[in-house]
Amino acid sequence: MTADIATRRSPLDGWTSRFTELAPAVRLAERPFLAQLTLRLTDTSRAAAVSRVLGVELPETPCTFSSGTGPHGPVEVAWLGPDEYLVLAQPGLQRTLESALREAIGDTHGAVVDVSAQRTTLTLSGPRARDLLAHGCAIDLHPSASPIGTCVQTLLAQAGIILLVRDADAGEFVVLVRASFATYLAAWLVDAGMEYREYREQPV
Amino acid sequence: MQLIPCPWCGPREEVEFHYGGQAHVAYPAESAALSDEEWAKFVFFRDNPRGPFAERWSHAAGCRRWFNAVRDTRSYELLAVYRPDQERPVTT
Ligand SMILES: [Zn+2]
């Protein structure tokens, strides 16, 4: 994260034109450089203080995420484990959030680690987004099984991902993938979405 | 593909999991006092029952947590899954 903003390249730099070929069936885009922090919190007495810093409650239910807008703008907090969360915020906020969260945790047992460079973010939406993901992901993404706020860590085309369901009915998904797997996954998505290029939106 | 129910994430495909061998193998209380034979027994010797077997599994591609499962070695049927801090449940 010491990279100079003017010179740094996102893992999927240069893929935009290939992604846009999938529209309008699937709108696929990279949202690079989001601030990402792993938060370990064993002592739940500090959960309230952490929530105040983020402006969002920590998700209590496994495989869910919470979202909202707080003092640091829009924030999403994903459940990664019984005492582990992933905080997603706007690019450039990692340092600020890191110290704010450390302060909230205080001396209690916990950890805050800046992992912004670990993963890049893909957003998928459109009428065929769910079908495209179903080609390589075993999770049932139908709104009845995966409603808004679902967060799963699973495999997509055998690559480890974190998948957030932002809008189940409209089929809006966020896929977080490790930087070293990003080009593989991008190539897989473009290939798996080939059949949807013929898709035309029905006239209303 | 077999589904394994993670105690936290629910049923997931078997490929998301990593096998960790027999569960409830306690570390020797006085490891320094162990003879070579006793030490070898602790390190290498495991039960191999025909029927229910308590095993450790890790949800490697998911929440990355370890948990225990009682699996019938004849049918591969998972009779119970439980967190490491829980007692082995009674299975039939
Ligand atoms: Zn799990």
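For every chain, the first residue of the written sequence is number 1, and numbering continues from 1 onward in sequence order. The order in which chains are written sets their letters, starting at A; the order in which ligands are written sets their numbers, starting at 1. Local features in a predicted model are, by the rule used here, given only for residues with pLDDT of at least 70; side-chain atom pairs are given and counted only at 80 or more, and totals for whole chains, interfaces and linings are based on all residues. To get the side-chain values, take all heavy atoms of the structure and skip hydrogens and water.

1. Topic: the pattern of salt bridges
Then step 1. By salt bridge we mean one thing: a side-chain nitrogen of Lys or Arg within 4 Å of a carboxyl oxygen of Asp or Glu. Per the counting criterion, the structure on display carries 14 salt bridges over all chains.
Then step 2. We note a salt bridge from B:Arg65 to A:Glu84, for which the minimum N-O separation is 3.0 Å. In this pair, B:Arg65 is assigned in the loop between strand 4 (52–58) and strand 5 (66–72) and A:Glu84 in strand 5 (residues 84–89), connecting two distinct chains. Across this residue pair, the class does not change: B:Arg65 and A:Glu84 are buried.
Then step 3. For the salt bridge of A:Arg102 with A:Glu98, the shortest nitrogen-to-oxygen distance reads 3.1 Å. Of the two residues, A:Arg102 and A:Glu98 are both situated in helix 3 (residues 94–105); the distance of four residues between them amounts to about one turn of the helix.
Then step 4. Buried means the residue's accessible area, taken with a 1.4 Å probe over protein chains only, is under 20% of the maximum for its type, while exposed means over 50%, and partly exposed covers the values in between. Under the relative-accessibility criterion, A:Glu98 is labelled buried at 15%.
Then step 5. Through salt bridges with shared partners, a single ionic network connects A:Arg40, A:Asp83, A:Glu84, B:Arg64 and B:Arg65. Starting at the N terminus, helices and strands are each numbered in turn, a helix being any DSSP run of H or I of at least four residues and a strand any DSSP run of E of at least two.

2. Some thoughts on the coordination of the zinc ion
Residue and element names in this part refer to chain B.
Then step 1. Think of the donor list as every N, O and S atom within 2.8 Å of the metal, or within 3.2 Å for Na, K and Ca; water never makes the list, so a site can look incomplete. Taken together, Cys6 (SG), Cys9 (SG), His59 (ND1) and Cys63 (SG) make up the full set of protein donors to the zinc ion, lying 2.0 to 2.4 Å away.
Then step 2. Taken in sequence order, the residues that donate to the zinc ion follow the motif C-x2-C-x49-H-x3-C. On the criterion of sequence distance, the pair formed by Cys6 in strand 1 (residues 3–6) and His59 in the loop between strand 4 and strand 5 is long-range, its members being 53 residues apart.
Then step 3. Judged by relative accessible area, Cys6 falls into the buried class, the value being 4%.
Then step 4. A residue is classified by how much of its surface remains accessible, and His59, at 0% relative accessible area, is buried.

3. Side note on the pairing of strand 10 (residues 172–178) of chain A
Residues and elements named next belong to chain A.
Then step 1. Taking burial as the measure, the seven residues of strand 10 include five buried ones, the bulk of the element.
Then step 2. Sheet topology places strand 7 (residues 119–125) next to strand 10; six bridges connect them, and they run antiparallel. Its bridge partner being in strand 10, Thr123 is matched across the sheet by Val174.
Then step 3. For two strands to be treated as a pair, DSSP must find at least two bridges joining them. Connecting strand 9 (residues 159–167) to the antiparallel partner strand 10 that follows it, the hairpin turn spans four residues, and Gly171 within it adopts a positive phi of roughly 70°.

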